[in-house]
Amino acid sequence: MDGMGGMTVARADDLLSIGELARLSGLSIGALRHYDAVGILVPAHVDPSTSYRRYRRAQVDDARRVAMLRDLELPLEEIRELMAADDAGVRREVLVRHRDRTTARATRLHRIIHQLGHLIDPGLTHEEHDMTATTAEDLDPQTVRSLASSLFNRVWELLERADRSSDDDQELVNAAHASRYHWTAIGGPKEKAIGDWQISRVYAVLGRGEPAVHHARLCLGWA
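Fair warning: this is a prediction, and the values are worked out from it, not measured in the lab. (Residues numbered from 1 in each chain as written. Predicted model: local features only at pLDDT ≥ 70, side-chain atom pairs only at ≥ 80, totals over all residues. Heavy atoms only, no water.)

Undergrad: If you had to explain the overall build of the chain to someone new, which residues and values would you point to?
TA: Per the secondary structure count, the chain includes 9 helices and 5 strands. When the elements of the chain are put in sequence order from the N terminus, they spell out β-β-β-α-α-β-β-α-α-α-α-α-α-α. Looking at the 223 residues of the chain, the share that counts as buried comes to 33%. Counted over contacts in the chain with a minimum sequence separation of 6, partners at least 24 positions apart contribute 56%. Total accessible area on the chain stands at roughly 13000 Å², and carbon and sulfur atoms take up 53% of it. (Helix = DSSP H or I, 4+ residues; strand = E, 2+ residues; numbered from the N terminus. Buried < 20%, exposed > 50% of the residue type's maximum accessible area, 1.4 Å probe, protein only. Contact = heavy atoms within 4.5 Å. Areas by Shrake-Rupley, 256 points an atom, 1.4 Å probe, with all protein chains shown as cover.)

Here it is as structure tokens:
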């Protein structure tokens, strides 16, 4: 090991130029410069007179890992935290945190797609059915519709939270079932299918496979 530019580095023949690292890792030279600037992938040596960067061959795997994490849309500050962590528990915590955020975002996108479907096809409106034998409280259809819609939206709101508590998870289940119950009173097969689909989604997010599959099958049965 020799001292170069005030740093202790590997032998010169074991060092790669920034262009070589870019080719081997799939990252651009501009990206590598940026990752150096933010402390994610620091060169083994920077020439004090030319500012040329040199990287150890062992850093090829690190660069590829950074590329993979960026493909997974992990924020730069969390990539830095993960790459610097010696503790596997810390690395897992970073990834779990990002997974939970991504799950919440995916749920939000599902809701957007659902709402866009209604805008694209105005025919997807809720039919009002006779309420005489469906609600013990004899609520009027508009009230039941409002309750069903509010509960349906509440489910999506809770699903989009990345930091739900156990109480939130229980409310998720209760709200999804309550929404499905009220839609049953005033809707047709389409509303029932949507209700069962949302319940299935809730159970899937909560990792409860059996009820998720059960309600998915119920949803398909209304098709």
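Undergrad: Can you lay out the pairing of strand β5 (residues 53-56) for me, pointing to particular residues and giving the numbers?
TA: As judged from the 3 bridges shared by strand β3 (residues 15-17) and β5, these two strands associate in the antiparallel manner. Its bridge partner being in β5, S17 is matched across the sheet by R54. Here strand β4 (residues 45-46) runs beside β5; their pairing, made up of 2 bridges, is antiparallel. Looking at β5, one finds that H45 is bridged to R54. Two successive antiparallel strands, β4 and β5, enclose a turn made up of 6 residues, where S51 displays a positive phi of approximately 65 degrees. (Pairing = 2+ DSSP bridges.)

Undergrad: Describe in detail a nonpolar patch on the surface, supporting the description with residues and values.
TA: Together, L109, I112, L116, L119 and I120 make up a nonpolar patch on the protein surface, roughly 520 Å² of accessible area in all. Its location among the elements puts I112 in helix α5 (residues 88-120). Taking the relative accessible area as the measure of exposure, I112 reaches 37% and is therefore partly exposed. (Patch = residues over 30% accessible without salt bridge, like charges linked within 9 Å, V, L, I, M, F, W, Y side chains within 5 Å. Salt bridge = Lys/Arg side-chain N within 4 Å of Asp/Glu carboxyl O.)

Undergrad: Account for the environment of R164, naming residues and giving values.
TA: The topology assignment puts R164 in the loop between α6 (141-159) and α7 (166-186). Put simply, R164 and D100 are 64 residues apart on the chain and 9.7 Å apart in space, counted from C-alpha to C-alpha. Residues in contact with R164, not counting those within four places in the same chain, are L158, L159, D169, L172, V205 and L206.

Undergrad: For helix α8 (residues 189-205), give the residues involved together with the corresponding values.
TA: Taking 1.5 Å per residue as the helical rise, α8 with its 17 residues ought to reach 24 Å, and the 24 Å between its terminal C-alpha atoms agrees with that figure. Those residues of α8 lying buried are E191, K192, A193, I194, G195, D196, Q198, I199, S200, V202 and Y203. (Expected span 1.5 Å × (residues − 1).)

Undergrad: Before we move on, could you go through the nonpolar core and cite the residues and values that matter?
TA: Counting residues in hydrophobic clusters, the biggest one holds 20 residues, and the most contacted among them are L21, L32, Y35 and L41. Per element, the largest residue contribution to this core is 5 residues, and it comes from helix α3 (residues 59-71). Y35 has contacts with L27, I40, L41, V66, R70 and L76, leaving out every residue within four places of it along the chain. (Core = buried A, V, L, I, M, F, W, Y, C linked by side-chain atoms within 4.5 Å.)

Undergrad: Before we move on, could you go through the pattern of salt bridges and cite the residues and values that matter?
TA: All chains considered together, the criterion is met by 14 salt bridges. For the salt bridge of R180 with D196, the shortest nitrogen-to-oxygen distance reads 3.2 Å. Of this pair, R180 sits in helix α7 while D196 sits in helix α8; the two residues are 16 residues apart in sequence, bridging distant segments of the chain. Residue R180 shares its accessibility class with D196, and that shared class is buried.

In short, geometric facts, not functional conclusions.
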